[in-house]
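Each chain, written out:
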Amino acid sequence: MKIRFVIAAFLVILFVPFGFVKAQNISEDISNNYLINQNGVRINITDYNVLSEIYSNAYIQTMTDEDYTKFKARNINVNNLVKSEKYYKTTINNLTDEVTNIEVSENEFNNYNPDVETQGSVSHYVETQYKKLSVRLTDNNNGYGEVFVGLLWKMIPSTRSFDVMAVRYVGMSDVDGTQSGRQIWGTNGNFTYVQYGWNGTNINRQDNGFGISMNITNDSTINYLENYMDSSVKFSGTFQWAGASYQHATKTTTLAQSKSYTLAENGKNGVILFTGNIGEKYDNMPGVYAEL
């Protein structure tokens, strides 16, 4: 059976030198067995089904022709995909600086509505955040694989500084030059993003993984926020493990401070070991891991 997709196509506007891309609705297109995303990229259904196993709709909508070409060249084997995701509730008391994290169910995450929830008399001081952290690990059956890390916000944070997303490996290492990241934000389905390159100023590359400092957008109109990073990896043993961590800055940080860490087993959630007391600026949210 042929599948028909009807979806809005969008115009790309590049903002230099910061790498921002904003999408605007210009027309509709109907194509048999193809999806046309906001950037006008034609994605066939087979590829779309693979992409949907890895990325959100927002990410797929912001893909460029270059992104799509790179994706096809990777020959990702989703039949060997291992996925792990957790849902966390973080409560930040901005009066006492106390931060608590608890794991919650997918149902609680989905049902939380920040528009109707209140914090009573301390609403100006206590902030509740719900976040989904996921890691996906694949084996492409040729000694190589792929790692994907994603963080979805249920609500937009009030403190917007340099957050850190990182992944640490056992039994594998990055294929240097393939590491990348993306911060996506939007309003009512119209998405904007910033891309982080493998050799950019925001990346921290190490022998056992990498991390990216993402300066959270100051756009006050958004109601959608998501963070991603991924890399191709080379296997070096019979056991492969990837631990992912996302640390949200609860206080203003500089780029240099956010990059001051190593990837270590005794770091936050077995991943991020900040230098000195820099870790006190972050929410210490638990992590997630996957293994082959």
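Everything discussed here concerns the structure shown above.
The structure presented is a predicted model; accordingly, all values stated were derived computationally and were not measured. (Residues numbered from 1 in each chain as written. Predicted model: local features only at pLDDT ≥ 70, side-chain atom pairs only at ≥ 80, totals over all residues. Heavy atoms only, no water.)

Undergrad: How would you summarise the packing of aromatic side chains if you had to cite specific residues and measurements?
TA: Taken as a whole, this structure holds 12 aromatic pairs when the rule is applied. Between Tyr 87 and Phe 109, the aromatic rings sit 5.0 Å apart at their centres with planes inclined by 50°, giving tilted as the arrangement. Of this pair, Tyr 87 sits in strand E5 (residues 82-93) while Phe 109 is found in helix H4 (residues 106-111), placing the two residues 22 residues apart along the sequence. For the pair Tyr 87 and Phe 109, a shared accessibility class is recorded, and that class is buried. Chaining the aromatic ring pairs together yields one cluster made of Tyr 55, Tyr 59, Phe 148 and Tyr 228. In this structure, Lys 154 packs its charged tip against the face of Phe 109, placed 5.4 Å from the ring centre. (Phe/Tyr/Trp six-rings, centres within 6.5 Å; stacked < 30°, edge-to-face > 60°. Helix = DSSP H or I, 4+ residues; strand = E, 2+ residues; numbered from the N terminus. Buried < 20%, exposed > 50% of the residue type's maximum accessible area, 1.4 Å probe, protein only. Lys NZ or Arg CZ within 6 Å of the ring centre and 35° of its normal.)

Undergrad: Break down the packing of helix H1 (residues 45-54) against helix H3 (residues 65-74) for me, citing the residues and quoting the values.
TA: Running from amino to carboxyl end, H1 crosses H3 at an angle of 85°, the nearest separation of the two axes being 12 Å. One finds that H1 runs roughly perpendicular with respect to H3. Touching Asp 47, Val 50 and Leu 51 of H1 are Tyr 68, Phe 71 and Lys 72, all from H3. (Axes fitted to C-alpha atoms, helices over the stretch in contact; angles between N-to-C directions. Parallel < 35°, antiparallel > 145°, perpendicular 65-115°, else oblique. Contact = heavy atoms within 4.5 Å.)

Undergrad: Let's hear about the nonpolar core: which residues, and what values?
TA: Counting 32 residues, the largest nonpolar core has Val 135, Val 147, Val 149, Val 167, Tyr 169, Met 172 and Tyr 246 as the members making the most contacts within it. When contributions to this core are tallied by element, the ones reaching two or more residues are strand E7 (126-139), strand E8 (144-153), strand E9 (162-170), strand E12 (190-196), strand E14 (209-215), strand E15 (224-235), strand E16 (241-247) and strand E19 (288-291). Setting aside its immediate chain neighbours within four residues, Tyr 169 contacts Val 147, Asp 174, Asn 208, Gly 209, Phe 210, Ser 231, Val 233, Trp 241 and Ala 242. One finds Leu 51, Ala 58, Phe 71 and Tyr 193 within the second-largest nonpolar core, a separate group that totals 20 residues. (Core = buried A, V, L, I, M, F, W, Y, C linked by side-chain atoms within 4.5 Å.)

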